[in-house]
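# Coordinates in review
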Amino acid sequence: MLSYSRYLVLNLIRKKSIYLLMAFYLFINILMVAIRSVEQNKGGESFIRSIDMYTMFFPFLLSTCFSLLIIIYNFKLTENDGSDLLICSKPIRRISIFSAKFLILICSMILFQIFAFLALLIAACFDKEASSEQIVTFASSM
């Protein structure tokens, strides 16, 4: 099971679309929060305190897209990527295959949430009127 998990991780690391989506996620978060906080700070108010669902929709949408990419790459048919040879050369039980795939899925989603927290933390630092407690609360909201 360990060798199959290692194979799945290496297969996910090679996918460039995952890195592009993460970079796009960071760019969208910083751009949206920075522009809207500059507008809100002109009136002397904190943007993060008056956060609305519109701002949180795009991070939620992009994290859903990330999860879908991981699911597509992780649970695709094994004939397409040649992992049938790995499975057939060393007999692995079906439960081990599914548990390895779900373990990789859960670990990659946890890593993306850590990345999302850091991205929102960086984006929240553009709000000059917000306190540090509000910044951490905003970053952990996703």
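Read on for an overview of the structure. (Residues numbered from 1 in each chain as written. Predicted model: local features only at pLDDT ≥ 70, side-chain atom pairs only at ≥ 80, totals over all residues. Heavy atoms only, no water.)

On to the packing of aromatic side chains. How two aromatic rings sit relative to each other is given by the distance of their centres and the angle of their planes. Tallied over the entire structure, the rule returns four aromatic pairs. Ring centres of phenylalanine 66 and phenylalanine 112 lie 4.2 Å apart, and the angle between their planes is 15°; this geometry places the pair in the stacked category. One end of the pair, phenylalanine 66, is in helix H3 (residues 53-74); the other, phenylalanine 112, is in helix H6 (residues 94-124), and 46 residues separate them in sequence. When sorted by exposure, phenylalanine 66 lands in the same class as phenylalanine 112, which is buried. Measuring from ring centre to ring centre gives 6.2 Å for phenylalanine 112 and phenylalanine 115, while their planes differ by 40°; the resulting arrangement is tilted. Residue phenylalanine 112 and its partner phenylalanine 115 are located together in helix H6, separated by three residues, close to a single helical turn. According to the relative accessible area criterion, phenylalanine 115 is partly exposed, its value standing at 22%. Site record: aromatic cluster; members linked through ring pairs are Tyr25, Phe66, Phe112 and Phe115. In this arrangement the basic side chain of lysine 15 is found over the ring face of tyrosine 73, its NZ or CZ atom lying 5.0 Å from the centre. (Phe/Tyr/Trp six-rings, centres within 6.5 Å; stacked < 30°, edge-to-face > 60°. Helix = DSSP H or I, 4+ residues; strand = E, 2+ residues; numbered from the N terminus. Buried < 20%, exposed > 50% of the residue type's maximum accessible area, 1.4 Å probe, protein only. Lys NZ or Arg CZ within 6 Å of the ring centre and 35° of its normal.)

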